[in-house]
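Residue-level structure breakdown
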Amino acid sequence: MQSTGSSVLSKYENQITIFTEYLEEYPNTDELVWILGKQHLLKTEKSKLLSDISARLWFTYRRKFSPIGGTGPSSDAGWGCMLRCGQMMLAQALICRHLGRDWSWEKQKEQPKEYQRILQCFLDRKDCCYSIHQMAQMGVGEGKSIGEWFGPNTVAQVLKKLALFDEWNSLAVYVSMDNTVVIEDIKKMCRVLPLSADTPGDRPPDSLTASNQSKGTSAYCPAWKPLLLIVPLRLGINQINPVYVAAFKECFKMPQSLGALGGKPNNAYYFIGFLGDELIFLDPHTTQTFVDTEENGTVNDQTFHCLQSPQRMNVLNLDPSVALEILKENLRMFELVQKHPSHWPPFIPPAKPEVTTTGAEFIDSNEQLEELDLEEDFEILSV
């Protein structure tokens, strides 16, 4: 038993050393740390906290990938930080979908095939559905030149469009408008009707009870796509209004939380939790070399997890161009309504355009990009 223990310790010795350096920067306090819906007692659970943070996929600037569009940039350093934050947020959604929130990552340990497949969705190649190539070229349809910094809502709209080509994950991406989340519209997006269904598509059931199913009376048995809900909001004008701080922090306690994106030109971050009045975030502003799949079809993932100290900032120093997905008891951050507002244009769920090519090939055509009506830009984003 003793030799086995020594072997295990030796295997993870380097990782433990890094973890120790990482955790020394945190104060010795009895306060709770919240990371994407999970709490850690900093004083006694520092190693668990580190493992939880390092398990998040970390996407940063890269260099030496194939030129975007064939003749464009081969690095996103200086302009791709918000796109990388969007990738991190979406990757967390896919991990929750396929592996669960409690899944953990360990350095140099074989990972589930679903993990490798998720990671490959974000490699810096034209044929990967959420690559920097795909996102940059899809942004052309929103008036963004390749190599131009994206705002957070631009990233949200791009991800919503790219998700239409992602049949494996089959996500419904809903980006709210006018500070309003419409449940009726979300049901239309998430519902997948059977081919034989004869129930009108605009009449979703409010519930599908077990008793209805057991009696065989429900001919309407829709499948449901998993929902990624993105709520753009502004929390102040030139700086965050302190009245929103408590509500903003509450969003990181939600078990469904995917964090928040925020920032200003060349200064975007992916916020994943908080300690006291300090926000914890992953920073994409590190330039690493492009990593591709290896001969065996897997990806060396050592540079896709952050083992360095995650940065923190006081919540009051946060740029107001971030948002959240929560309603505080006496402070309404956004409206949650059942029915589609009558004064709004009719809601039409986004659909994959009728093309015979893949998503990667599809977005090479600017003419076809113009067919994707992209919604009005917001300055802020929350997930």
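Quick notes on the rules
Residues numbered from 1 in each chain as written. Predicted model: local features only at pLDDT ≥ 70, side-chain atom pairs only at ≥ 80, totals over all residues. Heavy atoms only, no water. Buried < 20%, exposed > 50% of the residue type's maximum accessible area, 1.4 Å probe, protein only. Helix = DSSP H or I, 4+ residues; strand = E, 2+ residues; numbered from the N terminus. Pairing = 2+ DSSP bridges. Arc of directions from axis to C-beta. Contact = heavy atoms within 4.5 Å. Axes fitted to C-alpha atoms, helices over the stretch in contact; angles between N-to-C directions. Parallel < 35°, antiparallel > 145°, perpendicular 65-115°, else oblique. Left-handed = near helix turned anticlockwise from the far one by under 90°. Nonpolar A, V, L, I, M, F, W, Y, C, P; charged D, E, K, R; others polar. Core = buried A, V, L, I, M, F, W, Y, C linked by side-chain atoms within 4.5 Å. Polar contact = N/O pair within 3.5 Å; in protein donor to acceptor, adjacent residues only side chain to side chain.

Another aspect to go through is the pairing of strand β4 (residues 172-175). Covered by surrounding structure in β4 are Ala172 and Tyr174 together with Val173 and Val175, the residues of both alternating faces. Direction of pairing for β4 relative to strand β8 (residues 227-230): parallel, over a ladder of 4 bridges. Paired with Tyr174 across the strands is Leu229, a residue of β8.

Taken as a whole, helix α5 (residues 113-120) has its buried residues at Tyr115, Gln116, Ile118 and Leu119. Burial along α5 is one-sided: seen end-on, the buried residues are contained in an arc of 160 degrees. On its buried side, α5 packs onto α4 (81-98).

Look at Lys64: it is not a glycine, yet its phi comes out positive at around 70 degrees. Mapped onto the elements, Lys64 comes out in the loop between β3 (61-63) and α4. Overall, Lys64 belongs to the exposed group, its relative accessible area being 59%. The phi dihedral of Gln108 is positive, around 60 degrees, even though this residue is not glycine. Tracing the backbone shows Gln108 in the loop between α4 and α5. Assessed through its relative accessible area of 63%, Gln108 is described here as exposed.

As a further point, take the packing of α4 against helix α7 (residues 152-162). Each pair of packed helices can be summarised by the angle the axes make with each other and by the distance between the axes. Viewed as axis vectors pointing N to C, α4 and α7 meet at an angle of 50 degrees, and their least axial separation amounts to 9 Å. The angle between α4 and α7 falls in the class oblique. For the pair α4 and α7, the crossing hand works out as right-handed. Here Met82, Leu83, Gly86, Met89 and Leu90 of α4 come into contact with α7, specifically with Pro152, Val155 and Leu159. Counted by class, the contact of α4 with α7 contains 7 nonpolar, 1 polar and no charged residues.

A few words on the nonpolar core. Core analysis: the largest hydrophobic core is formed by 68 residues, its most contacted members being Leu57, Phe122 and Tyr270. Tallying contributions element by element places α4 first for this core, with 11 residues. Among residues more than four places away in sequence, those in contact with Tyr270 are Leu36, Cys85, Met88, Met89, Gln92, Leu258, Gly259, Ala260, Leu261, Ile280, Phe281 and Leu282. Formed by 16 residues, the second largest nonpolar core is a distinct cluster that contains Trp34, Phe248, Phe271 and Phe281.

Mapping Ser257 onto the fold places it in the loop between α10 (245-250) and β9 (260-264). Among the residues examined, Ser257 registers a relative accessible area of 1% and is labelled buried. Only 3.2 Å separates the side chain of Ser257 from the backbone oxygen of Cys251, close enough to count as a polar contact. Polar side-chain contacts of Ser257 include one of 3.2 Å to the backbone nitrogen of Gly259.

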